[in-house]
Amino acid sequence: MSDDPNEPDAENGDDEEQVSALDRRSLSEIHQEIRDTYTADDRPWVIGYSGGKDSTTALQLIWYAIKDLPDEEQTKPIYVISSDTLVETPKIVDHITSTLENVNEYAEKQDLPFEAHKVYPDVSDSFFVNLIGRGYPAPNQTFRWCTDRLKIDPADNFIVDKVSEHGEVIVILGARKAESKTREQVMNLHSIDGTVLSRHSKFANAFVYTPIEDWLVDDVWDYLMQVDCPWGKDNRDLAALYQEADDECPMVIDTSTPSCGDSRFGCWTCTVVEEDKAMENMIDAGDGWMEPLLEFRDLLKTTQDPKKKSTFRELKGRRFGRVKEKNNGGTGIIPRAYKFEFRQDLLRKLLETEKKVNELRNEDQEYLELIRDAELKEIRRIWRQEEADWEDSVPRIYNEVMGEDLDWAQDDLGAFTAEEAEVLNEVCNRHDVPPKLVKRLLNLEREHHGMKRRAAIYNKIDAIFREEWGTVEEMVAGIEGEEPENWEYDADIEALMK
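Residues numbered from 1 in each chain as written. Predicted model: local features only at pLDDT ≥ 70, side-chain atom pairs only at ≥ 80, totals over all residues. Heavy atoms only, no water.

Glancing now at the overall build of the protein. Of regular secondary structure, the protein possesses 20 helices and 6 strands. In the protein, which comprises 498 residues, the share counted as buried stands at 51%. Sequence separation of at least 24 residues holds for 72% of the intrachain contacts in the protein that already meet a minimum separation of 6. Looking at the protein as shown, the accessible area adds up to about 24400 Å², and 45% of this sits on carbon and sulfur atoms. (Helix = DSSP H or I, 4+ residues; strand = E, 2+ residues; numbered from the N terminus. Buried < 20%, exposed > 50% of the residue type's maximum accessible area, 1.4 Å probe, protein only. Contact = heavy atoms within 4.5 Å. Areas by Shrake-Rupley, 256 points an atom, 1.4 Å probe, with all protein chains shown as cover.)

Below you can see the structure in the form of structure tokens.
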């Protein structure tokens with residue numbers, strides 16, 4: 001699949017007759033190439049595993065090839081990594097998790113040099129910390145902020161760690177030139193003459209090996225249906241998963257890697273596609289407990305409607321607090337981060353979704369946690385710091401929905417409270433001063449209380465005052481040709497949340 005869902009798929013094109021890779025080379029020849037590449041040097045291998053057909057095929061080929069090597073030649077580790085975005089469709093998570101567990105179990109039994117690992121985004125980079133905590137709008141084709149943070153960076157960190165440990169590494173991917181014309185061009189661009197290896201697009205000390213680069217999609221499925229999975233899984237279960245989901249999200253290691261197309265399995269929160277056909281198919285097939293997930297995803301998709309952006313999003317940016325004018329020939333203001341009020345409602349809706357999903361799941365199924373405690377605590381920190389959330393909304397919302405409390409950290413200096421916020425709001429409204437401006441200034445003073453050197457505080461005070469603090473009408477009027485719109489958070493959102 002290409003990044004552009006409108007680009008023709010090379011596998012479905014008829015520009016030229018394509019010859020099966022398995023008609024050109026036998027499996028024994030492919031296995032021998034893998035063994036020759038493995039024993040040629042002491043660089044460890046890192047296999048990117050997405051749970052899909054291509055990465056399963058690559059891993060399975062390598063497993064059988066390495067298994068036939070004498071023990072004394074199995075000298076270097078083969079790491080199998082899978083990026084868990086923490087918002088993967090639950091059925092896909094179960095499939096990947098069980099596969100990685102089996103790989104480790106069978107590798108130990110057969111004394112093979114495979115080690116399977118999941119890699120995760122940092123808490124601060126997680127989907128919900130950025131969406132709900134910082135207010136990043138739901139990803140789309142032109143602003144797909146999630147790919148780097150959730151997929152590429154965790155894999156990169158693992159590769160960098162192994163490079164620092166071993167000097168160089170070889171990354172194995174189940175990428176195929178027949179996926180798309182763009183993919184073929186990228187792979188040819190990074191190829192190295194005289195070797196099966198390619199240059200890594202980002203790291204000088206990492207190289208890429210793609211053992212099925214010339215395979216067609218039919219080759220992949222013929223292989224998987226004819227050759228047993230060596231780590232105790234049934235490839236027919238994978239085929240059944242595809243029948244439900246239609247397609248896959250590949251293992252992503254750089255921005256040239258094809259991302260999800262129009263129908264795929266991957267993140268249940270994905271709004272890059274118009275409809276989540278995969279999740280719809282799973283629900284139709286009997287997984288009704290996933291319906292609340294689809295409803296939450298569709299709510300996020302609703303916020304991308306150009307006519308409704310003003311309802312959900314702020315006028316000024318979160319970093320510098322400035323209004324940004326459209327510069328692509330249009331007039332008006334570019335909508336920025338989600339409004340704080342909407343993010344509060346999103347958090348409530350997410351927790352309600354988690355409760356509902358687990359009520360619908362079978363009793364023997366493990367509790368499905370949609371947002372981790374660490375993410376909730378990071379969201380709370382961001383809200384307290386950036387939104388001057390004196391009301392401490394996260395613990396309150398969590399308690400109201402879940403009926404319990406987490407081990408929330410207490411501020412040793414004594415934080416401002418909801419009661420103080422109410423008094424401040426009254427005073428600020430009486431004098432026509434933005435309450436959030438005063439809260440931010442008071443928070444800043446509190447942060448610097450007791451410091452011997454306070455020079456930095458003046459620059460920070462200046463930065464706060466430089467933000468746009470006018471009314472909505474004043475900010476809109478500052479952009480020539482822009483008519484005031486309904487930029488207020490209104491009852492329409494409450495209706496969507498129900």
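A complete count under the given rule lists 26 salt bridges for this structure. Asp161 is paired through a salt bridge with Lys162; the nearest N and O atoms lie 3.9 Å apart. For Lys162, a relative accessible area of 11% translates into the label buried. Where Glu387 meets Arg343, a salt bridge forms, and the shortest distance between an N and an O atom there is 3.2 Å. One end of the pair, Glu387, is in the loop between α14 (373-386) and α15 (393-402); the other, Arg343, is in helix α13 (residues 340-360), and 44 residues separate them in sequence. (Salt bridge = Lys/Arg side-chain N within 4 Å of Asp/Glu carboxyl O.)

Between α14 and α15, whose axes approach to 8 Å, the crossing angle comes to 140°. Taken together, the axes of α14 and α15 lie oblique to each other. In this structure, α14 contributes Leu376, Ile379, Arg380 and Trp383 to the contact, and α15 contributes Ser393, Val394, Pro395 and Tyr398. In the contact of α14 with α15, the residues fall into 6 nonpolar, 1 polar and 1 charged. (Axes fitted to C-alpha atoms, helices over the stretch in contact; angles between N-to-C directions. Parallel < 35°, antiparallel > 145°, perpendicular 65-115°, else oblique. Nonpolar A, V, L, I, M, F, W, Y, C, P; charged D, E, K, R; others polar.)

Quick look at the sheet that holds strand β4 (residues 169-172) now. Ordered in space as β3-β2-β1-β4-β6-β5, the 6 strands form an open sheet in which the pairing is mixed. Edge strands, defined here as strands with exactly one partner in the open sheet, are β3 (114-119) and β5 (197-199). Across this sheet, the average inter-strand angle for adjacent strands is 30°, counted without regard to direction. In this sheet, strand β2 (residues 78-83) lies alongside strand β1 (residues 45-48) in parallel orientation, the contact comprising 4 bridges. (Pairing = 2+ DSSP bridges.)

With burial as the criterion, each face of β1 is covered, one bearing Trp45 and Ile47 and the other bearing Val46 and Gly48. Considered for its hand, the β-α-β crossover made up of β1, helix α3 (residues 53-67) and β2 is right-handed. (Right-handed = clockwise from strand over helix to strand, strands pointing away.)

As a further point, take the packing of aromatic side chains. Inspection of every chain in the model, using the stated rule, returns 18 aromatic pairs. Aromatic side chains Trp215 and Tyr223 sit 5.7 Å apart centroid to centroid with 75° between the ring planes, which places their arrangement in the edge-to-face category. For Trp215, a relative accessible area of 1% gives the class buried. When its relative accessible area of 2% is taken as the criterion, Tyr223 is described as buried. (Phe/Tyr/Trp six-rings, centres within 6.5 Å; stacked < 30°, edge-to-face > 60°.)

What follows covers the environment of Phe342. On the secondary structure map, Phe342 appears in helix α13. Taking the C-alpha atoms as reference points, Phe342 and Thr311, 31 residues apart in sequence, are found 9.0 Å from one another.

The grouping of Asp71, Glu72, Glu73 and Asp111 at the surface amounts to a negative patch. Along the chain, Asp111 turns up in the loop between α4 (90-109) and β3. With a relative accessible area of 56%, Asp111 lands in the exposed category. (Patch = residues over 30% accessible without salt bridge, like charges linked within 9 Å, V, L, I, M, F, W, Y side chains within 5 Å. Lys, Arg positive; Asp, Glu negative; His and termini not counted. Charge placed at Lys NZ, Arg CZ, Asp CG, Glu CD.)

A few words on the side chain of Thr303. In this fold, Thr303 is placed in the loop between α11 (291-302) and α12 (309-312). The class of Thr303 is buried, set by a relative accessible area of 2%. Reaching out from Thr303, the side chain makes a polar contact with the backbone oxygen of Leu300 at a distance of 2.6 Å. If sequence neighbours within four positions are ignored, Thr303 has contacts with Ala138, Lys309, Phe312, Tyr338 and Phe342. (Polar contact = N/O pair within 3.5 Å; in protein donor to acceptor, adjacent residues only side chain to side chain.)

Another point: the nonpolar core. In terms of nonpolar packing, the biggest core is built from 89 residues, with Phe114 and Phe128 touching the most fellow members. Of all the elements, α13 adds the most residues to this core, at 7 residues. For Phe114, the contacting residues outside a window of four places in its chain are Ile47, Leu59, Ile62, Trp63, Ile66, Ile78, Val80, Val103, Asn104 and Ala107. In terms of nonpolar packing, the next biggest core, distinct from the first, is built from 10 residues, Val171, Ala175, Met187 and Val208 among them. (Core = buried A, V, L, I, M, F, W, Y, C linked by side-chain atoms within 4.5 Å.)

Where helix α2 (residues 27-39) contacts α3, the two axes come as close as 9 Å, and the packing angle between them is 75°. Classified by the angle between their axes, α2 and α3 sit roughly perpendicular to one another. Together, Leu27, Ile30, His31, Ile34, Arg35 and Tyr38 of α2 and Leu61, Ile62, Tyr64, Ala65 and Ile66 of α3 make up the contact between the two elements. By residue class, the composition of the contact of α2 with α3 is 9 nonpolar, 1 polar and 1 charged.

This part covers the environment of Thr85. Of note, Thr85 is situated in the loop between β2 and α4. Taking relative accessible area as the criterion, Thr85 reaches 1% and is therefore assigned buried. Remark: the alpha-carbon pair of Thr85 and Arg149, spanning 64 residues in sequence, is separated by 8.7 Å. Each residue touching Thr85, except ones within four places of it in the same chain, is listed here: Pro121, Leu150, Lys151 and Cys267.

Here the protein averages 84 in pLDDT, and 83% of its residues register 70 or above. Note on residues 1-8: pLDDT under 50 across the span, and 25 contacts to partners over four residues away in sequence or across chains. The low-confidence segment residues 480-487, where pLDDT is below 50, has 19 contacts with residues more than four positions distant or belonging to other chains. (pLDDT = per-residue confidence, 0-100.)

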